[in-house]
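Understanding the architecture of this molecule
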Amino acid sequence: MIDVRRLRVLRALADHGTVAAAARALHLTPSAVSQQLAALEREVGQPVVERRGRGLVLTGAGDVLLEHAHALFAQLERAEADVAAHGRGELGTVVVGAFPTALASVAAPAVQALAGAHPRLRVTLLDVESPHCFAALVEERIDLAISMESASAPASDDPRFARWPLLDDPLDAVLPADHPLAERSTIALEALATETWVGPSPGTSCLEVTLAGCAAAGFSPRLVHRTNDFATLMTFVAAGLGVALVPRLAQGQVPPGVAVVRLRGVPPARRVFAATRRGSEARPIVAALVDALAAATAALEPRVRAAA
(Lines give C-alpha, C1' and ligand atoms only; values in the text may rest on other atoms or scores of the structure.)
Protein backbone atom coordinates (compact mmCIF):
# COMPACT_ATOMS: atom_id res chain seq x y z
CA MET A 1 0.00 0.00 0.00
CA ILE A 2 1.37 3.39 -0.99
CA ASP A 3 1.70 5.88 1.86
CA VAL A 4 -0.29 9.00 1.01
CA ARG A 5 2.22 11.19 2.84
CA ARG A 6 4.93 10.10 0.41
CA LEU A 7 2.74 11.05 -2.53
CA ARG A 8 2.50 14.51 -1.00
CA VAL A 9 6.31 14.68 -0.95
CA LEU A 10 6.43 13.55 -4.58
CA ARG A 11 3.97 16.25 -5.57
CA ALA A 12 5.97 18.91 -3.73
CA LEU A 13 9.12 17.82 -5.53
CA ALA A 14 7.37 18.00 -8.89
CA ASP A 15 6.16 21.50 -8.02
CA HIS A 16 9.47 22.89 -6.73
CA GLY A 17 12.17 20.91 -8.58
CA THR A 18 14.67 20.45 -5.74
CA VAL A 19 14.74 18.54 -2.48
CA ALA A 20 15.56 21.70 -0.54
CA ALA A 21 12.64 23.66 -2.01
CA ALA A 22 10.24 20.77 -1.48
CA ALA A 23 11.44 20.48 2.13
CA ARG A 24 10.77 24.18 2.74
CA ALA A 25 7.26 23.88 1.28
CA LEU A 26 6.45 20.88 3.44
CA HIS A 27 8.18 22.21 6.59
CA LEU A 28 10.47 19.17 6.59
CA THR A 29 14.22 18.73 6.51
CA PRO A 30 15.84 17.86 3.16
CA SER A 31 16.96 14.56 4.67
CA ALA A 32 13.35 13.71 5.58
CA VAL A 33 12.23 14.45 2.01
CA SER A 34 14.97 12.20 0.61
CA GLN A 35 14.01 9.43 3.01
CA GLN A 36 10.32 9.68 2.00
CA LEU A 37 11.21 9.49 -1.70
CA ALA A 38 13.44 6.47 -1.12
CA ALA A 39 10.66 4.76 0.84
CA LEU A 40 8.19 5.50 -1.98
CA GLU A 41 10.54 3.89 -4.49
CA ARG A 42 10.72 0.79 -2.31
CA GLU A 43 6.90 0.68 -2.13
CA VAL A 44 6.42 0.82 -5.90
CA GLY A 45 9.53 -1.20 -6.77
CA GLN A 46 11.05 1.27 -9.24
CA PRO A 47 12.64 4.72 -9.33
CA VAL A 48 10.24 7.66 -9.18
CA VAL A 49 12.84 10.47 -9.49
CA GLU A 50 16.14 10.92 -11.27
CA ARG A 51 18.81 13.56 -11.06
CA ARG A 52 19.01 16.11 -13.81
CA GLY A 53 21.52 18.89 -13.37
CA ARG A 54 21.22 20.29 -9.87
CA GLY A 55 17.66 19.12 -9.41
CA LEU A 56 15.48 16.04 -9.56
CA VAL A 57 12.81 15.21 -12.12
CA LEU A 58 10.15 12.55 -12.10
CA THR A 59 10.66 9.33 -13.99
CA GLY A 60 7.89 7.77 -16.07
CA ALA A 61 6.73 5.87 -12.99
CA GLY A 62 6.84 9.10 -11.01
CA ASP A 63 4.64 10.83 -13.60
CA VAL A 64 2.10 8.01 -13.33
CA LEU A 65 2.10 8.32 -9.55
CA LEU A 66 1.77 12.10 -9.74
CA GLU A 67 -1.32 11.83 -11.92
CA HIS A 68 -2.92 9.52 -9.39
CA ALA A 69 -1.75 11.75 -6.54
CA HIS A 70 -3.59 14.74 -8.03
CA ALA A 71 -6.80 12.69 -8.25
CA LEU A 72 -6.30 11.26 -4.77
CA PHE A 73 -5.73 14.61 -3.07
CA ALA A 74 -8.73 16.09 -4.88
CA GLN A 75 -10.86 13.23 -3.57
CA LEU A 76 -9.52 13.75 -0.06
CA GLU A 77 -10.49 17.42 -0.28
CA ARG A 78 -13.98 16.39 -1.34
CA ALA A 79 -14.12 13.90 1.53
CA GLU A 80 -13.21 16.61 4.04
CA ALA A 81 -15.85 18.91 2.56
CA ASP A 82 -18.47 16.17 2.70
CA VAL A 83 -17.68 15.32 6.31
CA ALA A 84 -17.95 19.00 7.22
CA ALA A 85 -21.26 19.22 5.34
CA HIS A 86 -22.51 16.15 7.16
CA GLY A 87 -21.61 17.77 10.46
CA ARG A 88 -23.66 20.81 9.50
CA GLY A 89 -26.64 18.64 8.59
CA GLU A 90 -26.24 19.37 4.87
CA LEU A 91 -25.33 15.85 3.75
CA GLY A 92 -26.57 12.38 4.67
CA THR A 93 -29.61 10.16 4.70
CA VAL A 94 -32.52 10.11 7.13
CA VAL A 95 -35.50 7.74 7.06
CA VAL A 96 -38.96 8.86 8.21
CA GLY A 97 -41.84 6.54 9.05
CA ALA A 98 -45.34 7.97 9.39
CA PHE A 99 -49.04 7.32 8.84
CA PRO A 100 -50.36 8.21 5.36
CA THR A 101 -51.95 11.61 5.98
CA ALA A 102 -48.89 12.76 7.91
CA LEU A 103 -46.69 11.65 5.04
CA ALA A 104 -48.77 13.63 2.56
CA SER A 105 -49.51 16.74 4.62
CA VAL A 106 -46.45 17.13 6.85
CA ALA A 107 -43.51 14.99 5.73
CA ALA A 108 -43.71 15.61 1.98
CA PRO A 109 -43.75 19.45 2.27
CA ALA A 110 -40.92 19.25 4.80
CA VAL A 111 -38.80 17.15 2.45
CA GLN A 112 -39.55 19.54 -0.41
CA ALA A 113 -38.34 22.47 1.68
CA LEU A 114 -35.23 20.59 2.76
CA ALA A 115 -34.41 19.79 -0.86
CA GLY A 116 -34.14 23.51 -1.55
CA ALA A 117 -32.09 24.37 1.53
CA HIS A 118 -30.02 21.16 1.69
CA PRO A 119 -29.91 19.59 -1.79
CA ARG A 120 -27.45 16.89 -0.70
CA LEU A 121 -29.64 15.72 2.18
CA ARG A 122 -31.54 12.55 1.25
CA VAL A 123 -34.81 11.75 3.03
CA THR A 124 -36.66 8.45 2.59
CA LEU A 125 -40.38 8.34 3.50
CA LEU A 126 -42.06 5.11 4.58
CA ASP A 127 -45.69 4.30 5.41
CA VAL A 128 -45.31 2.91 8.94
CA GLU A 129 -47.97 3.31 11.62
CA SER A 130 -47.97 2.86 15.38
CA PRO A 131 -46.77 0.67 17.06
CA HIS A 132 -44.56 -0.55 14.23
CA CYS A 133 -42.93 2.85 13.71
CA PHE A 134 -41.62 2.86 17.29
CA ALA A 135 -40.22 -0.65 16.95
CA ALA A 136 -38.53 0.53 13.74
CA LEU A 137 -37.06 3.49 15.64
CA VAL A 138 -35.63 1.28 18.38
CA GLU A 139 -34.21 -1.14 15.79
CA GLU A 140 -32.68 1.81 13.87
CA ARG A 141 -34.58 0.99 10.67
CA ILE A 142 -35.95 4.54 10.65
CA ASP A 143 -34.58 7.75 12.15
CA LEU A 144 -37.80 9.66 12.87
CA ALA A 145 -41.43 8.67 13.36
CA ILE A 146 -44.55 10.79 12.96
CA SER A 147 -47.41 9.30 14.91
CA MET A 148 -50.37 10.21 17.09
CA GLU A 149 -51.21 9.75 20.73
CA SER A 150 -52.83 6.36 21.24
CA ALA A 151 -52.67 3.27 23.40
CA SER A 152 -50.07 1.81 21.03
CA ALA A 153 -47.78 4.85 21.26
CA PRO A 154 -45.10 5.01 23.95
CA ALA A 155 -45.72 7.19 26.99
CA SER A 156 -44.62 10.80 26.69
CA ASP A 157 -41.92 10.20 29.32
CA ASP A 158 -40.53 7.04 27.69
CA PRO A 159 -36.74 7.47 28.13
CA ARG A 160 -36.01 5.83 24.76
CA PHE A 161 -37.50 8.66 22.72
CA ALA A 162 -37.29 12.42 22.25
CA ARG A 163 -40.64 13.89 21.16
CA TRP A 164 -42.00 17.08 19.60
CA PRO A 165 -45.72 17.91 19.38
CA LEU A 166 -46.61 18.85 15.80
CA LEU A 167 -50.32 19.63 15.68
CA ASP A 168 -53.84 18.64 16.70
CA ASP A 169 -55.84 17.32 13.76
CA PRO A 170 -59.57 17.64 14.63
CA LEU A 171 -62.18 15.27 13.24
CA ASP A 172 -65.37 16.43 11.51
CA ALA A 173 -68.58 14.57 10.80
CA VAL A 174 -68.86 13.34 7.22
CA LEU A 175 -72.44 12.68 6.12
CA PRO A 176 -74.21 11.71 2.89
CA ALA A 177 -75.27 14.89 1.10
CA ASP A 178 -78.95 13.95 1.48
CA HIS A 179 -78.66 13.26 5.22
CA PRO A 180 -81.15 15.31 7.32
CA LEU A 181 -78.27 16.97 9.20
CA ALA A 182 -76.12 17.66 6.14
CA GLU A 183 -77.21 21.30 5.82
CA ARG A 184 -76.40 22.16 9.44
CA SER A 185 -73.40 24.37 10.15
CA THR A 186 -72.61 22.35 13.29
CA ILE A 187 -74.00 19.28 14.96
CA ALA A 188 -73.54 17.54 18.29
CA LEU A 189 -71.69 14.24 17.92
CA GLU A 190 -74.38 12.48 19.95
CA ALA A 191 -76.86 13.30 17.17
CA LEU A 192 -75.21 10.49 15.19
CA ALA A 193 -75.54 7.87 17.93
CA THR A 194 -78.17 5.79 16.12
CA GLU A 195 -76.55 5.94 12.67
CA THR A 196 -74.74 3.22 10.76
CA TRP A 197 -71.04 4.05 10.77
CA VAL A 198 -68.07 3.71 8.46
CA GLY A 199 -64.71 3.68 10.21
CA PRO A 200 -61.09 2.52 10.40
CA SER A 201 -60.07 -1.06 11.06
CA PRO A 202 -59.77 -2.51 14.58
CA GLY A 203 -56.47 -1.90 16.31
CA THR A 204 -55.68 1.35 14.50
CA SER A 205 -54.93 4.67 16.16
CA CYS A 206 -57.56 6.45 14.06
CA LEU A 207 -60.27 4.07 15.23
CA GLU A 208 -59.16 4.68 18.80
CA VAL A 209 -59.67 8.44 18.34
CA THR A 210 -63.11 7.87 16.79
CA LEU A 211 -64.24 5.52 19.56
CA ALA A 212 -62.93 7.84 22.29
CA GLY A 213 -64.83 10.77 20.79
CA CYS A 214 -68.05 8.81 20.56
CA ALA A 215 -67.60 7.50 24.09
CA ALA A 216 -67.20 11.06 25.35
CA ALA A 217 -70.50 11.84 23.59
CA GLY A 218 -72.16 8.96 25.42
CA PHE A 219 -72.44 6.21 22.79
CA SER A 220 -70.60 3.46 20.95
CA PRO A 221 -70.88 3.70 17.14
CA ARG A 222 -72.37 0.81 15.17
CA LEU A 223 -69.49 0.26 12.77
CA VAL A 224 -70.48 -1.78 9.73
CA HIS A 225 -67.99 -0.87 7.01
CA ARG A 226 -64.23 -0.60 7.55
CA THR A 227 -61.35 0.94 5.65
CA ASN A 228 -58.13 2.68 6.68
CA ASP A 229 -58.11 4.84 3.56
CA PHE A 230 -60.04 8.04 4.20
CA ALA A 231 -60.65 8.71 0.51
CA THR A 232 -62.31 5.30 0.25
CA LEU A 233 -64.16 5.89 3.51
CA MET A 234 -65.69 9.09 2.13
CA THR A 235 -66.82 7.30 -1.04
CA PHE A 236 -68.62 4.82 1.24
CA VAL A 237 -70.35 7.77 2.89
CA ALA A 238 -71.22 9.28 -0.50
CA ALA A 239 -72.81 5.94 -1.43
CA GLY A 240 -75.08 6.21 1.61
CA LEU A 241 -73.43 3.36 3.51
CA GLY A 242 -73.10 5.31 6.75
CA VAL A 243 -71.62 8.32 8.51
CA ALA A 244 -68.04 8.82 9.68
CA LEU A 245 -65.53 11.05 11.39
CA VAL A 246 -62.67 12.22 9.17
CA PRO A 247 -59.57 14.21 10.23
CA ARG A 248 -59.21 17.57 8.55
CA LEU A 249 -55.83 16.68 7.10
CA ALA A 250 -57.55 13.83 5.25
CA GLN A 251 -60.19 16.10 3.69
CA GLY A 252 -58.09 17.28 0.78
CA GLN A 253 -60.37 15.68 -1.81
CA VAL A 254 -63.92 15.39 -0.56
CA PRO A 255 -65.96 13.47 -3.16
CA PRO A 256 -69.34 14.63 -4.51
CA GLY A 257 -72.29 13.44 -2.48
CA VAL A 258 -70.64 14.15 0.87
CA ALA A 259 -71.22 16.92 3.42
CA VAL A 260 -68.55 17.79 5.98
CA VAL A 261 -70.11 19.22 9.14
CA ARG A 262 -68.31 20.66 12.16
CA LEU A 263 -68.85 19.16 15.59
CA ARG A 264 -69.94 21.40 18.44
CA GLY A 265 -67.68 21.94 21.40
CA VAL A 266 -64.19 20.45 21.43
CA PRO A 267 -64.09 17.81 18.68
CA PRO A 268 -62.05 14.62 18.97
CA ALA A 269 -58.61 15.13 17.45
CA ARG A 270 -55.50 13.27 16.47
CA ARG A 271 -52.60 14.56 18.59
CA VAL A 272 -49.76 14.31 16.10
CA PHE A 273 -46.13 14.26 17.24
CA ALA A 274 -42.66 13.43 15.95
CA ALA A 275 -40.24 11.14 17.77
CA THR A 276 -36.61 10.11 17.42
CA ARG A 277 -34.30 7.93 19.45
CA ARG A 278 -33.25 9.97 22.45
CA GLY A 279 -29.86 11.49 21.82
CA SER A 280 -30.14 11.37 18.04
CA GLU A 281 -31.91 14.74 18.06
CA ALA A 282 -28.43 16.24 18.53
CA ARG A 283 -27.43 15.07 15.04
CA PRO A 284 -27.55 18.11 12.73
CA ILE A 285 -29.26 16.08 10.01
CA VAL A 286 -32.09 15.11 12.38
CA ALA A 287 -32.35 18.63 13.80
CA ALA A 288 -32.69 20.02 10.27
CA LEU A 289 -35.53 17.59 9.57
CA VAL A 290 -37.31 18.42 12.83
CA ASP A 291 -37.11 22.12 11.98
CA ALA A 292 -38.54 21.44 8.51
CA LEU A 293 -41.41 19.43 10.01
CA ALA A 294 -42.18 22.24 12.45
CA ALA A 295 -42.28 24.74 9.57
CA ALA A 296 -44.52 22.47 7.48
CA THR A 297 -46.83 22.03 10.46
CA ALA A 298 -47.01 25.77 11.10
CA ALA A 299 -48.06 26.28 7.49
CA LEU A 300 -50.82 23.69 7.94
CA GLU A 301 -52.35 25.11 11.11
CA PRO A 302 -54.34 27.94 9.45
CA ARG A 303 -55.80 25.42 7.00
CA VAL A 304 -56.77 23.05 9.80
CA ARG A 305 -58.36 25.87 11.79
CA ALA A 306 -60.12 27.23 8.71
CA ALA A 307 -61.59 23.81 8.10
CA ALA A 308 -63.17 24.11 11.51
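Look up a bit, the structure's there.
As a convention, each chain's residues are numbered from 1 in the sequence order in which they are written. Residues qualify for local features only when their pLDDT is at least 70, as the model is predicted, and side-chain atom pairs are given and counted only at 80 or more; totals for whole chains, interfaces and linings, by contrast, use all residues. By convention in this description, side-chain values take in all heavy atoms of the structure and omit both hydrogens and water.

So, on to helix α2 (residues 19-26). Only protein chains enter the area calculation, which uses a 1.4 Å probe; residues under 20% of their type maximum are buried, those over 50% are exposed, and those in between are partly exposed. Numbering of helices and strands runs from the N terminus, with a helix taken as a DSSP run of H or I at least four residues long and a strand as a DSSP run of E at least two residues long. Along α2, the positions that sit buried rather than exposed are Val-19, Ala-21, Ala-22 and Ala-23. Contacts from the buried residues of α2 go to α1 (4-16), α3 (30-44) and β2 (55-58). One or two positions beyond α2, positive phi appears at His-27, with a value near 60°. Should any heavy atoms of two residues lie within 4.5 Å, those residues are considered in contact.

Another aspect to go through is the packing of aromatic side chains. Two rings from Phe, Tyr or Trp (for Trp, the six-membered ring) form a pair when their centres are within 6.5 Å of each other. A pair whose planes differ by under 30 degrees is stacked, one over 60 is edge-to-face, and the rest are tilted. Going through the model one piece at a time under the given rule, you end up with three aromatic pairs. Grouped by ring-pair contacts, the aromatic residues Phe-134, Phe-161 and Phe-273 constitute a single cluster. A positively charged side chain is recorded as over a ring if its NZ (Lys) or CZ (Arg) lies within 6 Å of the ring centre. The angle to the ring normal must also be within 35 degrees. Over the aromatic face of Phe-273 sits the side chain of Arg-163, whose NZ or CZ is 3.8 Å from the ring centroid.

A word on the environment of Leu-58. Within the secondary structure layout, Leu-58 lies in strand β2. Residue Leu-58 is classed as buried on the basis of its relative accessible area of 14%. Between the C-alpha atoms of Leu-58 and Ala-14, which are 44 residues apart in sequence, the distance is 6.9 Å.

With that settled, the discussion passes to the pairing of strand β11 (residues 258-263). Only strands that DSSP links by at least two bridges are regarded as paired with each other. By the bridge criterion, four bridges tie strand β6 (residues 161-176) to β11 in an arrangement that is antiparallel. The residue of β11 that forms the bridge with Ala-173 is Val-261. Note that strand β7 (residues 186-187) and β11 share two bridges and pair parallel. Each bridged residue has a counterpart across the sheet, and for Ile-187 the counterpart in β11 is Leu-263.

Turning to the side chain of Ser-130, a few remarks are in order. The topology assignment puts Ser-130 in the loop between β4 (121-127) and α6 (132-138). Here Ser-152 takes part through its side chain, which lies 2.7 Å from a polar atom of the side chain of Ser-130. Each polar contact in these results corresponds to two N or O atoms within 3.5 Å; when the atoms are within protein, one needs to be able to donate a hydrogen and the other to accept it, and residues that are neighboring in sequence are counted only if both atoms are side-chain atoms.

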